[in-house]
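# A structural walkthrough
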Amino acid sequence: MAIRGDFLKYSLKTGRLDFEVADAMTCKTKTPNKRNKIAVVELEVNCPKTKVKTYSHLEKKLGEFAMSFSRNNGRFNIRRIICAAEKLAFVRKVATYSFATVITAVLVFGSVSAIDLRLANEAIINGHPIGVIADKKSFEKLLIDVHSSLETTLGKQVDSFKNHVYISRLVFKKDLSSDYKLRQNLLSTFDEVSQAYAIYAGDRLLCATFEEQSAMGALDRVKAQYAKEGVQMTIDFAEPVTVRKEFVPIGYIRSAEGVFSALTESSEDSQKYTIKHKDTLWSIAREYDMTVDDLIAINDNLTEIIHDGDVILIKKDKPVLSVRTSYIATSEEPIPYDNDEVKDDNLLAGNTVVIKQGTDGKKNVVEEIVSINGDEVERNVKSEEIISNPVGGVVKIGAKAPPTGIASGRLIRPAFGVITSRYGRRSRDFHTGMDFANPIGTPIVAADNGTVEFAGRSGGYGNLIKITHGNGMETYYGHCSAILVKQGQKVSKGQQIGRVGNTGNSTGPHLHFEVRKNGEPQNPQSYLN
Ligand SMILES: [Zn+2]
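First things first, this report covers the structure right here in the doc. The shown structure was predicted, so the numbers you read here are calculated from the model rather than taken from an experiment.

Another point: the overall build of the protein. What the protein contains, in helices and strands, is eight helices and 35 strands. When burial is assessed residue by residue, the protein has 24% of its 529 residues classed as buried. A separation threshold of at least 6 residues defines the contact pool for the protein, and within that pool the share at least 24 residues apart is 71%.

Looking now at helix 3 (residues 136-154). Residues spaced three or four apart along an α-helix face the same direction, because each turn holds 3.6 residues. Over its 19 residues, helix 3 extends 27 Å from the first C-alpha to the last, a length consistent with the 27 Å expected when each residue adds 1.5 Å. Where helix 3 is concerned, the buried positions are Phe139, Leu143, Val146 and Leu150. On an axial view of helix 3, the arc spanned by its buried residues comes to 70 degrees, and they lie on one face. Exposed residues lying more than 90 degrees from the buried face of helix 3 are Lys137, Ser138, Lys141, Ile144, Ser148 and Thr152. Just downstream of helix 3, Gly155 is the residue with a positive phi angle, here 70 degrees.

Taking 1.5 Å per residue, 13 residues should reach 18 Å; helix 5 (residues 212-224) reaches 18 Å between its end C-alpha atoms and fits that length. Of all the positions in helix 5, only Ser214, Ala215, Ala218 and Val222 are classed as buried. Each buried residue of helix 5 sits inside an arc of 100 degrees when the element is viewed along its axis, so together they form one side. Within helix 5, the exposed residues directed more than 90 degrees away from the buried face are Glu212, Gln213, Asp220 and Ala224. Structurally, helix 5 contributes buried residues whose contacts are with strand 9 (193-201), strand 10 (204-209), strand 12 (241-249), helix 6 (256-264) and strand 17 (323-335).

Taken together, three strands build an open sheet; the order of strands is 18-22-19 and the sheet is mixed. With one partner strand each, in any of the chains shown, strand 18 (339-348) and strand 19 (352-356) form the two edges of the open sheet. Put simply, the sheet's adjacent strands are angled 30 degrees from each other on average, direction ignored. Where strand 18 meets strand 22 (residues 393-400), seven bridges bridge the pair, whose relative direction is parallel. Across the sheet, residue Val342 finds its bridge partner in strand 22, namely Lys396.

Within the open sheet, the three strands sit side by side as 10-9-12. Their pairing is antiparallel. With partners counted over all chains shown, the strands left at the sheet margins are strand 10 and strand 12, one partner each. Direction aside, the axes of adjacent strands within the sheet are offset by 40 degrees on average. In the sheet, strand 9 pairs with strand 12 via nine bridges, with the strands oriented antiparallel.

Once that is clear, we can look at the environment of Ala208. Tracing the chain through its elements places Ala208 in strand 10. Residue classification places Ala208 among the buried residues on the basis of 28 C-beta atoms within 10 Å. Separated by 13 residues in the primary sequence, Ala208 and Gln195 place their C-alpha atoms 9.1 Å from one another.

Ranked by size, the top nonpolar core spans 24 residues in total, and within it Ile444, Ile465, Tyr477, Cys480, Ile497, Leu511 and Phe513 carry the most contacts. Setting aside its immediate chain neighbours within four residues, Ile497 contacts Ile444, Val445, Ala446, Ile465, Tyr477, Leu484, Val485 and Val491. Counting residues in each nonpolar core, the second largest holds 21 residues, with Ala198, Val222, Phe247 and Ile253 among its members.

Glancing now at the packing of helix 3 against helix 4 (residues 179-187). Relative to each other, helix 3 and helix 4 sit at 55 degrees, their axes nearing to 11 Å. One way to sum up the angle between helix 3 and helix 4 is to call them oblique. Between helix 3 and helix 4 the crossing geometry is right-handed. Where helix 3 abuts helix 4, its residues Leu142, Val146 and Leu150 lie against Asp179, Leu182, Arg183, Leu186 and Leu187. Grouping the constituent residues of the contact of helix 3 with helix 4 by class yields six nonpolar, no polar and two charged.

Now for the environment of Asp300. Here Asp300 shows up in the loop between helix 8 (292-298) and strand 15 (311-315). With 7 C-beta atoms counted inside 10 Å, the residue Asp300 sits in the exposed group. Put simply, Asp300 and Ile312 are 12 residues apart on the chain and 9.5 Å apart in space, counted from C-alpha to C-alpha.

Moving on to unusual backbone geometry. The residue Asn373 is not glycine, and still its phi comes out positive at about 50 degrees. Looking at the element boundaries, Asn373 is found in the loop between strand 20 (361-372) and strand 21 (375-388). Classification of Asn373 by C-beta neighbours within 10 Å gives partly exposed; the count is 17. Positive phi values are uncommon outside glycine, yet His479 reaches one of about 65 degrees. In this structure, His479 sits in strand 30 (residues 473-480). Judged by C-beta crowding, with 26 C-beta atoms within 10 Å, His479 ranks as buried.

What counts, and at which threshold
- Residues numbered from 1 in each chain as written.
- Predicted model: local features only at pLDDT ≥ 70, side-chain atom pairs only at ≥ 80, totals over all residues.
- Helix = DSSP H or I, 4+ residues; strand = E, 2+ residues; numbered from the N terminus.
- Buried ≥ 20, exposed ≤ 12 C-beta atoms within 10 Å, placed from the backbone.
- Contact = placed C-beta atoms within 7 Å.
- Expected span 1.5 Å × (residues − 1).
- Arc of directions from axis to C-beta.
- Pairing = 2+ DSSP bridges.
- Axes fitted to C-alpha atoms, helices over the stretch in contact; angles between N-to-C directions.
- Core = buried A, V, L, I, M, F, W, Y, C linked by C-beta atoms within 7 Å.
- Parallel < 35°, antiparallel > 145°, perpendicular 65-115°, else oblique.
- Left-handed = near helix turned anticlockwise from the far one by under 90°.
- Nonpolar A, V, L, I, M, F, W, Y, C, P; charged D, E, K, R; others polar.

Below, the structure written as structure tokens:
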């Protein structure tokens, strides 16, 4: 059937839409397109004054015609009936004038579907066709919204949309432009924005590129930076990342290679610090509420030796796009042993003596190791398998009251061992103390309660400990291999203070012990019980 060029007559008088063969020349047929099978026919509508009250009446009649036409012919469906604006204006006047107008209908091959014709407007802004809209008011609102979001996006003032032209049209509901489409078309009229594949992290626009493949490829490369060879890893972005085709300010648009650089740039988060005189890593860490380990972790090659004027990072650069990786690792870890504690009234409080040494156990730990941008942030234990249990130890805990530092006046022998030299004249010089020969490491104890007056190197004495006992009394312990007390510390009679050694002027391991009264060496023998 030759629908092409057929002439349809719609008589509002009779309410009938007649179908007549028209002159082929009057048909505004678009070149029949094989895929869409579009044919254009013209409808002549007689509009007597008496019958047509409203335009919607005509619309309804056309709809009915379309339905019956489709039904009768089976393979046509009216997709769109287009009226030129001036013709529609006429149609609106049919209440006052009897007139016949011509409506162009586009018939498209296809199955019959519900027909929902309506009067709409084609919006033309500054000469650019933007779309078909149902409601001018909500469209004007959209214009304001698009304008203000454009100003936000570009960060500057932009002329508002002017020169609004609306052309009435009879369309099907599905032919109305979506808000998205209207927005896109409005934005496309601006030179400063362009449609591209925009990469967002959360709601932050990072950059954009014209090729979707470039955007995806760059995102994959960002993730791949954190892959470890031979490790099964889960790699994700730390925030939801989306790629959207939309209008973006042209300043955000990058070349295929530029996208990767833009995604791996640092946000301006890093902070530097210049080392000042007397700074230590510890003092810097404390000032910035970090740990020394944190400082070392973010500064490559940083050691505890720092110099005035050195610049170190106190906050690391954070890439604009953070990557979260996680993988499962198995490691062997010790299980610490516990000690049974036994109180000992003869042992000074604060001192402990191991009676039985405990042994750590071992376990295999399976952990999920989570990192952000390659820095470990979290370890989650997934499972543990005990290889060996720990064996507890036993420790003696001192329960004796702490020293008061008040001398008892009676001295005890500060070390065991053979007395090899006594106080007094010794060949050409005078021996100011008493020597106890014993192997290196033998404990030296305080001869009486007192306060450590000196502990350190002292000429021929080697490592020397001096204790004052009040009333001008002092004791000296020389040639020590180790000093176990500090200056100012209170010690009690019998408390270990050092170990026998061979430091200073000494011919073999021994303790040189002196007793002094008001600075004058005394014979220790007279004070020892
Ligand atoms: Zn001596």
